[in-house]
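# Examining the three-dimensional arrangement
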Amino acid sequence: MAGPTAVGKGTVAAYVREHYPEVWLSVSATTRTPRPGEVDGLHYHFVDGVEFDRLERQGQLLESAVVHGSARYGTPRGPVEAALAQRRPALLEIDLQGARQVRAAMPDALFVFLAPPSWDDLVHRLAGRGTETAQERATRLDTARTELAAADEFDVVIINDDVVRATEELVSLMVDPHPAKES
Ligand code: 5GP
């Protein structure tokens with residue numbers, strides 16, 4: 001699953017974590033600093049640049065990207081492979097660059113784009129979150145513009161008009177996998 005900044009990917013992921021224990025959620029490595037309430041090992045593996053370099057060099061990341069021009073993010077490969085080997089539905093919440101890398105590495109994956117009901121809605125959500133400076137918000141909205149333009153690359157677009165509804169739609173696709181890819 002990908003989608004622009006502040007569209008609610010984190011909220012959807014949190015809802016999945018709480019209500020759908022059968023779904024395995026990937027925990028990304030990142031060099032950004034934790035936000036209040038974020039738990040190391042649960043929301044992210046918070047690592048420094050040296051450790052991130054090591055993970056990349058040793059081929060331990062399925063994909064990785066610099067997001068919003070600052071922090072680095074990557075999906076640890078081993079846990080994804082272990083979840084898939086157990087035939088668990090696996091959810092990766094990543095950015096567009098990462099999704100493109102996973103598409104190349106795992107073409108059978110289902111690519112879901114979480115979209116806001118409107119551009120204004122996205123701007124309001126980002127401002128309402130209050131976790132970024134004005135400069136950071138401007139950078140994130142720039143990235144969001146590019147990401148929204150890439151929605152067509154995805155197998156499915158889910159509008160996040162309501163977190164419960166959007167999450168149910170997402171999980172139904174994972175439990176009944178790949179309806180969009182069977183033809
Ligand atoms: P945040 O800093 O707000 O938690 O996340 C910023 C962006 O990084 C979001 O768009 C999120 O989807 C993306 N992201 C989180 N983890 C990963 C990852 O492992 N790989 C990639 N490519 N992007 C990620």
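Residues numbered from 1 in each chain as written. Predicted model: local features only at pLDDT ≥ 70, side-chain atom pairs only at ≥ 80, totals over all residues. Heavy atoms only, no water.

### Considerations on the pairing of strand 7 (residues 112-115)
By the alternation rule, side chains of strand 7 split into V112 and L114 and F113 and A115, which are all buried. Bridging between strand 7 and strand 8 (residues 156-159) involves four bridges; their strand directions are parallel. Residue V112 lies in a different strand from strand 8, and its bridge partner there is V156. (Buried < 20%, exposed > 50% of the residue type's maximum accessible area, 1.4 Å probe, protein only. Helix = DSSP H or I, 4+ residues; strand = E, 2+ residues; numbered from the N terminus. Pairing = 2+ DSSP bridges.)

### Quick word on helix 1 (residues 9-19)
Every buried residue of helix 1 is accounted for by K9, V12, A13 and V16. Taken down its axis, helix 1 places every buried residue within 100° of arc, on the same side. Summarising the contacts, the buried residues of helix 1 are in contact with strand 1 (24-25), strand 6 (90-91), strand 7 and helix 7 (163-175). (Arc of directions from axis to C-beta. Contact = heavy atoms within 4.5 Å.)

### Side note on the packing of helix 1 against helix 7
The axes of two packed helices give the description: the angle between them and the distance between them. Between helix 1 and helix 7, whose axes approach to 10 Å, the crossing angle comes to 70°. Judged by the angle between their axes, helix 1 and helix 7 are roughly perpendicular. The handedness of the crossing between helix 1 and helix 7 is right-handed. On the side of helix 1, the interface is formed by T11, V12, Y15 and V16, while helix 7 contributes V163, V164, T167, L170 and V171. Its residues assigned to classes, the contact of helix 1 with helix 7 comprises seven nonpolar, two polar and no charged. (Axes fitted to C-alpha atoms, helices over the stretch in contact; angles between N-to-C directions. Parallel < 35°, antiparallel > 145°, perpendicular 65-115°, else oblique. Left-handed = near helix turned anticlockwise from the far one by under 90°. Nonpolar A, V, L, I, M, F, W, Y, C, P; charged D, E, K, R; others polar.)

### So, the sheet that holds strand 5 (residues 72-76)
With respect to topology, four strands assemble into an open sheet ordered 3-2-5-4, the strand pairing being mixed. Every interior strand has two partners, whereas the edge strands, strand 3 (44-46) and strand 4 (61-66), have only one. Going from strand to strand, the sheet's axes swing by 25° on average, the running direction of each strand aside. Pairing analysis gives two bridges linking strand 2 (residues 28-30) to strand 5, with the strands arranged antiparallel. Residue T30 lies in a different strand from strand 5, and its bridge partner there is Y73.

### Side note on the site of the ligand
Taken together, the neighbourhood of the ligand is formed by 17 residues, with S28, R32, Y44, Y73 and E93 sitting nearest. Between the ligand and R35 there is a distance of 2.8 Å, counted from an oxygen atom to a side-chain nitrogen or oxygen. When the ligand is considered free in solution it has 510 Å² of accessible area, and contact with the protein chains removes 94% of it. Of all the cavities here, the one that holds the ligand is the largest pocket. For the shell around the ligand, the secondary-structure elements that each account for two or more residues are strand 4 and strand 5. If one sorts the elements of the shell around the ligand by residue count, strand 5 sits on top with three residues. Split by residue class, the shell around the ligand holds five nonpolar, five polar and seven charged. (Near = heavy atom within 4 Å. Polar contact = N/O pair within 3.5 Å; in protein donor to acceptor, adjacent residues only side chain to side chain. Areas by Shrake-Rupley, 256 points an atom, 1.4 Å probe, with all protein chains shown as cover. 1 Å grid on protein atoms, 1.4 Å probe; cavity = no way out; pocket = protein on both sides within 12 Å on 5 of 7 lines; lining within 4 Å. Sits in = over half its atoms within 2 Å of the grid points.)

### Structural notes on the packing of helix 5 (residues 119-129) against helix 6 (residues 134-149)
Packing of helix 5 against helix 6 brings their axes to within 11 Å, and their N-to-C directions diverge by 150°. The pairing of helix 5 with helix 6 is recorded here as roughly antiparallel in orientation. The interaxial crossing formed by helix 5 with helix 6 has right-handed handedness. Contacts between helix 5 and helix 6 involve W119, L122, V123, L126, A127 and R129 from the first element and R137, R140, L141, A144, R145 and L148 from the second.

### Looking at the layout of surface pockets
Which parts of space are left empty comes out when a probe the size of a water molecule is rolled across the atoms. Taken as a whole, the largest pocket encloses approximately 940 Å³ of empty space. Sorting the residues of the lining of the largest pocket by element identifies helix 1, strand 5, helix 5 and helix 6 as the ones contributing at least two each. Here the element with the most residues in the lining of the largest pocket is helix 1; it accounts for six residues. Grouping the amino acids of the lining of the largest pocket by side-chain chemistry returns 14 nonpolar, 11 polar and 12 charged. (Points joined across faces, edges and corners; volume = space filled by probe spheres on them.)

Function cannot be inferred from these measures alone, as they are strictly geometric.
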